[in-house]
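Examining the three-dimensional arrangement
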Amino acid sequence: MTRPNRPARPGAEDRPQRPARPAGARPTGAAPRPTGGAPRGRALAKTRTSPISAFGALGVVAVVLLAGLGYGFSTGTQNKSAVSEQTSRTLPVGSATAVCQGQMGAGNDTSTSLTTFTPSGNATTGTDGASVQYVDGKPFAPLKIGAAGTRSSAQQVTQFNTVTNDVGELQPVPLVLQATGSYAPGFTAGELIRSDSGNQRGMAATPCTTPSTDFWFAGVSVGTTDRDSWLYLANTDNAPATVNLTYYGQDGKIDTGTLGHDITVLPKTSTEYQLSSPLGPAAQASAVASVHVSTTEGRVAAQVLDMDKPQKSDNGTGRGMDFIPAQTPAVAAETSQTIPGIPAPGNTLTKFDLVITSTSDVPVSIDHVYWYGKQGRIELAAQTQDPGKGYTKRDAPLSIAPDHTVILNMTSAAQDPTESAALQIVGSGGSFLSGVRLVETDPKSGTQDSAYLAPAPPVAGEAIVSDSNVGGAAKSTLILTSAGSKGSTVQVTTIGADNKPAVDQVTIAANSTVAYTPKATGWFTTIIQPQPGSDPLYGARILSDLPAKGGMQVTAETLEDARVSAAVPPVAPDLSGAVAR
């Protein structure tokens, strides 16, 4: 898994229109690209059009316009009841796709666990089925998906299919999980990566990702000495995808030239991309940014795995890793963002950074930062002391210039070492992105691990954490926040290896946070459901462990609603009367 920085790879002589692939870009399982072919758009632009072809095209346009006018006239003369529309309906999800990337496997102490779960009792549409395979279509034998209502898991897999990329290195092939019919409503898949030794020592967990066209990641590393952020892109479709990256740094939007743009991900392949690569020699020793991943063609599944690099005093022992949560454009556009899951600091929480990025052309004003702890909601006051190098003082209000990223040192916010909490950031002006980076350090060994949190909408139906575990030194904790004046009652269901559910209820006072340890042992799935009449509920799962080889491991996962149903827009069920015959 060691990935050295490499110089940018120049484009082929016969493909001058395609920019060079930046260092770190890695296509997985890609067949050799054909030479001499231009991208589709440019090939069309270079095609000569004859006069006959031009007049032919105009004729087609005229016919289409006349047909359109005729359609409008015909519908205008019909009875309105002939083109009746149904109201919007909510139907069970008929199919679901999840992509698991970044998996590791290189020996008994480095492994990846994969778990799926579908809640039972939902109405179904379509043919029942569930499958898992590599993105290139090859089978993945360790995971067998059971019926709805049962958890299916491949524990601590140490070997995955790999391919040799274009620079001769081996890289794992992503996994694609698909569910239809009764398997689809609420289908949840997650991966848990852990390495107990070596320069990648740490633990990382994330829900597997649904392909989309737009992702935001807050607080990635674009430096060279402290940590590496790796972007994983997978294309599960049958057409190529084109990806662009936009960086928002502490000095504003970062100009990467042609690098990081027009990244091609071929069908049924994937790419690994070191996010500091587009900066080249301009990469700072230690720098933080937020990155926008968007497609101009096709869709991809995107994940970011962040790894802290060993320092000289570590003797090659890693300093932690975790996935940085992907955020949707809808969450990134909210002017009030709630980040749940801040663990009680105890004597192990050594870093608590809040990253805020202005993502619009107008300044952002952060007007309030609220703390939801054990005793209720309080507003955090401005900092009076120097927060340290690389940090911005927490003022009220805090003004952020367009396209800039600031980092706030929040370690002083947690006054009570036994208090877990949630942060709420309320802003005005332009849109902004936010996220939290946590570092836990074991006082005995001095080893550390990192975890990342992001804003999330409140849980309205049911949130599912597919894989947690309790036993030995492992501990799974739900940090639940009720934001409102009434309080919340939450039903927590755990499902272990015997697939028998155990149910408990958690009561949360108004505007406060509780840390709850599920009543389960071994490996289990957790379902979190706020009960009717409850205030908006936010939450996260914190998983920690003290492995036998020493040190501390921790990872975080924010709670979000499982996708059980989808709204179907109004349709005209019978258009036979819409056009006169």
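I will try to describe carefully the structure that is included in this document. (Residues numbered from 1 in each chain as written. Predicted model: local features only at pLDDT ≥ 70, side-chain atom pairs only at ≥ 80, totals over all residues. Heavy atoms only, no water.)

A look at the layout of surface pockets
- Space inside the largest pocket adds up to approximately 1,200 Å³.
- Surrounding the largest pocket, 44 residues form its lining, P207, C208, T209, T210 and E560 being those nearest its centre.
- Only β3 (95-100), β10 (188-195), β11 (202-207), β12 (214-221), β19 (301-308), β20 (321-324), α3 (329-332) and β37 (553-558) provide two or more residues apiece to the lining of the largest pocket.
- Per-class residue counts for the lining of the largest pocket are 29 nonpolar, ten polar and five charged.
- In this model, the second largest pocket occupies a volume close to 740 Å³.
- Of all elements in the fold, only β15 (252-254), β22 (349-358) and β28 (432-441) reach the threshold of two or more residues within the lining of the second largest pocket.
- In terms of residue count, the dominant contributor to the lining of the second largest pocket is β22 (four residues).
- Class assignment of the residues belonging to the lining of the second largest pocket gives a composition of twelve nonpolar, twelve polar and twelve charged. (1 Å grid on protein atoms, 1.4 Å probe; cavity = no way out; pocket = protein on both sides within 12 Å on 5 of 7 lines; lining within 4 Å. Points joined across faces, edges and corners; volume = space filled by probe spheres on them. Helix = DSSP H or I, 4+ residues; strand = E, 2+ residues; numbered from the N terminus. Nonpolar A, V, L, I, M, F, W, Y, C, P; charged D, E, K, R; others polar.)

Remarks on the sheet that holds strand β4 (residues 110-117)
- Here we have four strands laid out as an open sheet, ordered β6-β4-β10-β11, and antiparallel in their pairing. Each edge of the open sheet is held by one strand with a lone partner, namely β6 (151-157) and β11. Strand-to-strand twist in this sheet, taken as the mean axis angle between neighbours without regard to direction, amounts to 10°.
- By the bridge criterion, five bridges tie β4 to β6 in an arrangement that is antiparallel. Paired with T116 across the strands is S152, a residue of β6. (Pairing = 2+ DSSP bridges. Axes fitted to C-alpha atoms, helices over the stretch in contact; angles between N-to-C directions.)

Regarding unusual backbone geometry
- The step from A396 to P397 runs through a cis peptide bond, and the omega angle for that step is -5°.
- As for its position among the elements, P397 is in the loop between β24 (377-379) and β25 (398-400).
- Phi angles above zero are rare outside glycine, and K268 is one such case at about 60°.
- Positionally, K268 belongs in the loop between β16 (263-265) and β17 (269-274).
- The phi angle at D403 is positive, at roughly 65°, despite the residue not being glycine.
- Its location among the elements puts D403 in the loop between β25 and β26 (405-409).

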